[in-house]
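Fold and contact review
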Amino acid sequence: MEFPSEFIRFLTKASRVAVLTGAGVSQESGLRTFRDAQSGLWAQYRPEDLASPEAFARDPKLVWDWYAWRREAIKGVRPNAGHYALTEMEKKISEFTLVTQNVDGLHRIAGSANILELHGNILKVRCSECGTFTETWDDDVESVPRCEKCNGLLRPDVVWFGESLPRAELEAAVNAARTCQVFFSIGTSGVVQSAAALAHAARNKGSVVVEINAEPTPLTPKVDFAFHGKSGEILPELVKAVWANGLS
Ligand code: OAD
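Please read all numbers here as calculations on a predicted model, not as lab measurements.

Definitions and cut-offs
Residues numbered from 1 in each chain as written. Predicted model: local features only at pLDDT ≥ 70, side-chain atom pairs only at ≥ 80, totals over all residues. Heavy atoms only, no water. Axes fitted to C-alpha atoms, helices over the stretch in contact; angles between N-to-C directions. Helix = DSSP H or I, 4+ residues; strand = E, 2+ residues; numbered from the N terminus. Parallel < 35°, antiparallel > 145°, perpendicular 65-115°, else oblique. Left-handed = near helix turned anticlockwise from the far one by under 90°. Contact = heavy atoms within 4.5 Å. Nonpolar A, V, L, I, M, F, W, Y, C, P; charged D, E, K, R; others polar. Near = heavy atom within 4 Å. Polar contact = N/O pair within 3.5 Å; in protein donor to acceptor, adjacent residues only side chain to side chain. Areas by Shrake-Rupley, 256 points an atom, 1.4 Å probe, with all protein chains shown as cover. Pairing = 2+ DSSP bridges. Buried < 20%, exposed > 50% of the residue type's maximum accessible area, 1.4 Å probe, protein only. Core = buried A, V, L, I, M, F, W, Y, C linked by side-chain atoms within 4.5 Å.

As a packed pair, helix α6 (residues 81–92) and helix α10 (residues 231–243) sit with axes 7 Å apart at the nearest point and diverge in direction by 30°. Judged by the angle between their axes, α6 and α10 are roughly parallel. Crossing handedness for the pair α6 and α10: left-handed. On the side of α6, the interface is formed by A81, G82, A85, L86, E88, M89 and K92, while α10 contributes S231, G232, L235, P236, L238, V239 and W243. When grouped by side-chain class, the residues that make up the contact of α6 with α10 number nine nonpolar, three polar and two charged.

Have a look at this one:
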């Protein structure tokens with residue numbers, strides 16, 4: 001892919017960069033994006049109907065089984081070239097913040113360090129009543145496992161529809177968006193708040209906003225640069241174009 005020289009120049013000089021990622025970044029690792037059709041037994045449900053406190057209250061076992069199925073899918077999955085390119089980028093930029101909506105933990109496995117997980121992590125489990133985290137549990141059970149401390153039902157440590165984002169992470173993400181020189185929105189449909197608002201916050205503060213996505217999104221008309229294609233291909237090419245040619 002050809003990157004405009006103006007864009008390469010911006011990035012070469014940037015010392016504060018913020019990146020927002022979504023499910024598209026993990027697509028090339030073999031994980032379905034959030035809005036992709038579900039498969040098998042789960043095809044009859046919309047994710048939105050399973051990822052909510054109401055769904056858990058109505059049928060906790062159904063929700064638990066869906067997350068157990070997704071945890072199982074994640075187990076065999078490795079980060080892809082896009083995840084690794086972001087870890088390379090972090091090494092080159094002094095203030096680099098990676099904000100992710102993904103709950104799959106792949107950025108961490110790839111080696112990214114300064115990560116804000118806005119929607120939690122599917123591999124962590126906590127009590128739905130007292131909040132205590134549990135290190136071990138059985139996914140393959142007749143009924144939802146319970147907290148050893150208070151007997152409350154266990155749930156994944158993710159943010160469900162209708163729940164607030166973790167305050168500290170959100171504040172840090174907003175701060176990174178407001179103070180960065182370049183903001184990337186990568187592999188996200190940009191329709192879920194508050195994550196989607198980060199790109200606008202960056203833009204309002206005069207940062208260069210960049211989109212990398214398989215296809216145009218509602219954010220596309222508002223960005224300074226849009227690159228459409230797979231993040232697992234574009235990101236390594238970008239890192240090579242900026243940092244492998246002796247420009248910095
Ligand atoms: P979506 O499933 O809404 O969007 C995935 C985006 O990735 C789409 O815009 C695709 O075009 C793009 N895409 C797919 N494959 C790609 C690839 N190989 N390279 C680059 N882009 C690609 O997922 P998110 O935007 O992450 O929240 O969804 C945001 C949130 O919506 C999720 O975290 C979830 C959901 O509500 C909660 O569960 C709270």
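Additional details are given in the paragraphs that follow.
A separate point is the site of the ligand. Near the ligand, the surroundings consist of 22 residues, among which A23, R35, T188, S189 and N213 are the closest. The contact in question runs from an oxygen atom of the ligand to an N or O atom on the backbone of G24, over 3.5 Å. A distance of 2.7 Å is found between an oxygen atom of the ligand and a side-chain nitrogen or oxygen belonging to T188. Coverage of the ligand by the protein chains reaches 91% of its 800 Å² of free accessible surface. Taken together, the residues that form the shell around the ligand break down as six nonpolar, 12 polar and four charged.

The next thing to look at is the sheet that holds strand β6 (residues 154–158). As summarised here, the arrangement of the three strands in space is β5-β4-β6, forming an open sheet in which the pairing is antiparallel. Looking at the sheet topology across the chains shown, the edges are occupied by β5 (133–134) and β6. Those strands touched by helix α5 (residues 60–75) are β4 (120–127) and β6, and its axis lies near 135° from that of β4.

Here we take up the pairing of β4. Summarising burial for β4: six of the eight residues are buried, a large majority. Examined bridge by bridge, β4 and β5 share two bridges and lie antiparallel to one another. Across the sheet, residue V125 finds its bridge partner in β5, namely T134. Between β4 and the antiparallel strand that follows it, β5, lie five residues; G131 among them carries a positive phi value of about 85°.

The next point concerns the nonpolar core. Within the largest apolar cluster, 30 residues are counted, with the highest numbers of intra-cluster contacts made by F7, L11, V17, M89, F184 and L238. Ranked by the residues each element gives to this core, the list is headed by α10, at seven residues. When residues no more than four places from it in sequence are discounted, the contact partners of F7 are F184, V210, F225, F227 and L238.

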